[in-house]
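Spelled out, the chains give:
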Amino acid sequence: VRARVMQVEHDPDVTYQNIGGIDEQVEEVRETVEMPLTNPDRFDAVGIDPPSGVLLYGPPGTGKTMLAKAVANQTDATFIKMAGSELVHKFIGEGAKLVRDLFELSRQHEPAVIFIDEIDAIASKRTDSKTSGDAEVQRTMMQLLSEMDGFDDRGQISIIAATNRFDMLDRAILRPGRFDRLIEVPKPEQEGREAIFQIHTRSMNVDDDVDFEQLATDTGSASGADIKAICTEAGMFAIRDDRDTVRREDFDNAWEKINDEESENNEISR
Ligand code: ATP
């Protein structure tokens, strides 16, 4: 069970150079998560405690997971990921135990970065519904809080959580000593989109007529994950046309396709 719910990467391959359009967030993560791992003396010298846990919040596909992996990469830490939704939906009755296992595992792999994705699944505001799952979810959250509270001498372990639904969170997890540093990770702006296009086409054979500035303007609503998908899809168009070079029209067609798919998905979920 543990192996399926926790993903352990000893050497995640994401670096800060792979992340575009969220430079401020990268800086903040370096200061709050990386520095306590690499330079704990700085905090001791000044006499402050580093943040206990950092919460990244913002829309899907903006680079939250990448940020956590990049810190692990930079600090040679093991990256241990657990998805809140899996904990709750797939392993009913085992949530609290899995949270215990997660912290145990991270102690065995110090230095480690624990990444809890979709934390809202285990830490949303108490609802009044009487579904049987709720008590179990509560227990899972209590276990997480108690692990964090008991983590005074936590050594070389950092905890990062992520959510797309900040409004849903139980405020108990945001108290001092828990997730006491909040970092918003928004969708990229124009310049950010351009930077992300540059990143994802680094190893692509792109024609000179491709204008990333224009593309960034055209793809106003795209997230980082959308841009990655556009680049891959543009490459597919070139392959289908039996070309080695990816042209401007391929990117335009790719955006059209991905944009359509997204609107369809939105229709379905509505
Ligand atoms: P979710 O909330 O859906 O888990 P997330 O914010 O954790 O999303 P990531 O998993 O980090 O998003 O991003 C998914 C993929 O999208 C990345 O592997 C990367 O290819 C691309 N991507 C997302 N954001 C960026 C970015 N800021 N710069 C470069 N690539 C990005």
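Residues numbered from 1 in each chain as written. Predicted model: local features only at pLDDT ≥ 70, side-chain atom pairs only at ≥ 80, totals over all residues. Heavy atoms only, no water.

For the protein chain, an unreviewed UniProt entry supplies the name Proteasome-activating nucleotidase and the organism Halocatena marina. You can read under Sequence similarities (unreviewed entry) in the UniProt record for the protein chain the words "Belongs to the AAA ATPase family." (UniProt positions renumbered as here; feature names shortened; annotations may be inferred.)

(A) Examining helix α6 (residues 95-108) more closely. If you check α6, its first and last C-alpha atoms are 20 Å apart, about what 14 residues at 1.5 Å a residue would give, namely 20 Å. Of the residues making up α6, those classed as buried are G95, A96, L98, V99, D101, L102, F103, L105 and S106. (Helix = DSSP H or I, 4+ residues; strand = E, 2+ residues; numbered from the N terminus. Expected span 1.5 Å × (residues − 1). Buried < 20%, exposed > 50% of the residue type's maximum accessible area, 1.4 Å probe, protein only.)

(B) Highlighting the pairing of strand β5 (residues 157-163). Here β5 lies mainly inside the structure; 7 of its 7 residues are buried. As paired strands, strand β2 (residues 53-57) and β5 are joined by 5 bridges and run parallel to one another. Each residue of the ladder has a partner; that of G53, found in β5, is I159. By the bridge criterion, 5 bridges tie strand β4 (residues 112-117) to β5 in an arrangement that is parallel. Bridge assignment links I114 to a residue of β5, and that residue is I159. (Pairing = 2+ DSSP bridges.)

(C) Quick peek at the pattern of salt bridges. Inspection of every chain in the model, using the stated rule, returns 14 salt bridges. As a salt-bridge pair, E34 and R30 come within 3.0 Å of each other at their nearest N and O atoms. Of this pair, E34 and R30 both sit in helix α2 (residues 23-38), separated by 4 residues, roughly a single helical turn. The exposure class assigned to E34 is buried, which follows from its relative accessible area of 9%. Taking relative accessible area as the criterion, R30 reaches 28% and is therefore assigned partly exposed. Look at the salt bridges and you will find they share partners, linking E104, R107 and E147 into a network. (Salt bridge = Lys/Arg side-chain N within 4 Å of Asp/Glu carboxyl O.)

(D) Region of interest: the site of the ligand. Of all residues adjacent to the ligand, which total 17 residues, the nearest are G20, G61, K64, T65 and H200. In the environment of the ligand, an oxygen atom lies 2.9 Å from a nitrogen or oxygen atom belonging to the backbone of G61. Separating an oxygen atom of the ligand from a side-chain N or O atom of K64 is a distance of 2.9 Å. With the chains in place, 79% of the 630 Å² that the ligand exposes on its own is no longer accessible. When atom positions are compared with the pocket grids, the ligand is found to occupy the second largest pocket. Every element with two or more residues in the shell around the ligand is listed here: α4 (64-74), α8 (190-200) and α10 (224-240). Class assignment for the residues of the shell around the ligand results in 5 nonpolar, 9 polar and 3 charged. (Near = heavy atom within 4 Å. Polar contact = N/O pair within 3.5 Å; in protein donor to acceptor, adjacent residues only side chain to side chain. Areas by Shrake-Rupley, 256 points an atom, 1.4 Å probe, with all protein chains shown as cover. 1 Å grid on protein atoms, 1.4 Å probe; cavity = no way out; pocket = protein on both sides within 12 Å on 5 of 7 lines; lining within 4 Å. Sits in = over half its atoms within 2 Å of the grid points. Nonpolar A, V, L, I, M, F, W, Y, C, P; charged D, E, K, R; others polar.)

(E) Seen up close, the nonpolar core. Counting residues in each nonpolar core, the largest one holds 33 residues, and the members touching the most others are I119, L144, I173 and F179. Contributions of two or more residues to this core are made by β3 (78-83), α5 (84-89), α6, β4, α7 (133-149) and β5. With sequence-adjacent residues up to four places away left out, F179 is seen in contact with G53, V54, L55, I119, L144, M148, I159, I160, A161, I173 and L174. I22, A72, V113 and A162 belong to the second-largest nonpolar core, a separate cluster that totals 23 residues. (Core = buried A, V, L, I, M, F, W, Y, C linked by side-chain atoms within 4.5 Å. Contact = heavy atoms within 4.5 Å.)

(F) Just the packing of aromatic side chains, in detail. One pass over the full model with this rule turns up 5 aromatic pairs. Centroid distance F197 to F212: 6.0 Å. Interplanar angle 25 degrees. Geometry classified as stacked. With F197 in helix α8 and F212 in helix α9 (residues 212-218), the pair connects residues that are 15 residues apart, well separated along the chain. For the pair F197 and F212, a shared accessibility class is recorded, and that class is buried. Linked through ring pairs, F197, F212 and F251 together constitute an aromatic cluster. In this arrangement the basic side chain of R171 is found over the ring face of F166, its NZ or CZ atom lying 5.0 Å from the centre. Directly above the ring of F237 sits R240, whose terminal nitrogen or CZ lies 4.9 Å from the centroid. (Phe/Tyr/Trp six-rings, centres within 6.5 Å; stacked < 30°, edge-to-face > 60°. Lys NZ or Arg CZ within 6 Å of the ring centre and 35° of its normal.)

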